[in-house]
Amino acid sequence: MILTMILMMRMMTMATFNYTVDTRPLATEIGSVSQNVKQAATAVSAMQTAVVMAEEKAADYVCEHVNQGFYALIRSQISQKLAKFQSEVDAHLLQLEQQKNALISVKDRMQRDYNMISRRYIRLFNDLNKSLKQSIYELDKPTILFAVKESDKLFNRSKYLAATVPMSQSESLGESQKILASNLKCRGLNVIKSIKGFLFDMKNQKSITDRILIHDENHTESKTILVPVVICECNRDKSGNKNVEITLSDMELDNLSKATIMNAVYAAFPQMEWEHRAIFDPRIKEEFRKYVASSSSPQKVKDMTMKLFLSGNYNTI
């Protein structure tokens, strides 16, 4: 360092100067600095080791508490869901219990109503049976009497005409036999009278029935009946396809007659010609007005219906 300064002074002044500089304080300070640097390095190493250990402990602490927090969170969520589902199950059970009680009450009420209605109808049908039985009994009383009383006596004649042990003398035995014979003849006469009355009534009933009923299978009568038929041809949609509707009266016509008339009308429909009629029949107008007036629709709807009816364009066959 001294030589360097000498050379520099030579270059600047081109003269020679000699200086003596003591570098021991600098070396001493640099040695102390080096010692301090070593101590600092040792302290940094110790601090780094402490930091690593602290970070490791902190990481373990954080991981432990994170695991505990995650476990507590999952447990809390599961507990909340269990509580929610338990409350829903309890609510459904309560609702099912209420519905069960309601159904039981409906069943009991229906059972009471059924018992009440069944008792009422049983009493009604019993009364009807008694009334019909009495009516049938009065309608053909001789036959009923013969079937109920005389036939019973006829089939049980052996019981009614059982022979009695004569406990009398031989002189009175003939009279007892005559009395039994006369009793038998009297009962036989009553049976013959009942049969005669039954046959007479049957003959009268047959003659009355023959006068009422018609036995002539060839007895026919031809008549001409005018049946009104309503033919309506209209367009149901925008396609232009025409629909034909035929309406017949339900009075005095069976299904075969209706089918025959409708087939005849369908066959003759292509030859029918439509013509425009601007004036309505007053009867049709009055009948339509009655239908509109009897409707329960608002008055605006009724007015619009009559307006459309009067302004409509109709053709008539």
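Basis of the calculations
- Residues numbered from 1 in each chain as written.
- Predicted model: local features only at pLDDT ≥ 70, side-chain atom pairs only at ≥ 80, totals over all residues.
- Heavy atoms only, no water.
- 1 Å grid on protein atoms, 1.4 Å probe; cavity = no way out; pocket = protein on both sides within 12 Å on 5 of 7 lines; lining within 4 Å.
- Points joined across faces, edges and corners; volume = space filled by probe spheres on them.
- Helix = DSSP H or I, 4+ residues; strand = E, 2+ residues; numbered from the N terminus.
- Nonpolar A, V, L, I, M, F, W, Y, C, P; charged D, E, K, R; others polar.
- pLDDT = per-residue confidence, 0-100.
- Salt bridge = Lys/Arg side-chain N within 4 Å of Asp/Glu carboxyl O.
- Patch = residues over 30% accessible without salt bridge, like charges linked within 9 Å, V, L, I, M, F, W, Y side chains within 5 Å.
- Areas by Shrake-Rupley, 256 points an atom, 1.4 Å probe, with all protein chains shown as cover.
- Buried < 20%, exposed > 50% of the residue type's maximum accessible area, 1.4 Å probe, protein only.
- Phe/Tyr/Trp six-rings, centres within 6.5 Å; stacked < 30°, edge-to-face > 60°.

Asks: Just checking my understanding: could you explain the layout of surface pockets for this structure?
Replies: Space left empty within the atom packing is revealed by a probe, the size of a water molecule, rolled over the atoms. Estimated volume of the largest pocket: approximately 820 Å³. Along the walls of the largest pocket sit 20 residues, with I231, W274, Y314, N315 and T316 positioned nearest its centre. Counting only elements with at least two residues in the lining of the largest pocket, the list comes to strand 1 (229-235) and strand 4 (315-316). Ranked by residues supplied to the lining of the largest pocket, first place goes to strand 1 with seven residues. Looking at the lining of the largest pocket, its residues break down into twelve nonpolar, four polar and four charged.

Asks: I tried to follow the confidence of the model for the chain on my own but got confused; where do I start?
Replies: Detailed conclusions should not be drawn from predicted coordinates in areas where pLDDT is low. Confidence in the prediction for the chain averages 77 pLDDT; 81% of positions are at 70 or higher. The lowest-confidence element of the chain is helix 1 (residues 2-13), averaging 49 in pLDDT; the highest-confidence one is helix 8 (residues 299-310), averaging 86.

Asks: I keep staring at the pattern of salt bridges and nothing clicks. Help me out?
Replies: Close approach of charged atoms allows side chains of opposite charge to pair. Tallied over the entire structure, the rule returns one salt bridge. Note that R289 is salt-bridged to E286, the shortest N-O span being 3.4 Å. Here E286 and R289 lie together in helix 7 (residues 282-293), a separation of three residues that amounts to about one turn.

Asks: Looking at this model, I keep getting lost on a nonpolar patch on the surface. Mind explaining?
Replies: A cluster of nonpolar residues, M116, I117, Y121, L124, F125, L128, L132 and I136, forms a patch on the protein surface that exposes about 760 Å² of accessible area. Its location among the elements puts M116 in helix 2 (residues 24-139). For M116, a relative accessible area of 39% translates into the label partly exposed.

Asks: Just to check I follow, could you spell out the packing of aromatic side chains for this structure?
Replies: For any pair of aromatic rings, the description consists of the separation of the ring centres together with the inter-plane angle of the planes. Evaluation of the coordinates by the stated rule reveals two aromatic pairs. Each ring, one from F288 and one from F309, has its centre 4.1 Å from the other, and the planes form 15°; the classification is stacked. In this pair, F288 is assigned in helix 7 and F309 in helix 8, connecting sequence segments 21 residues apart.

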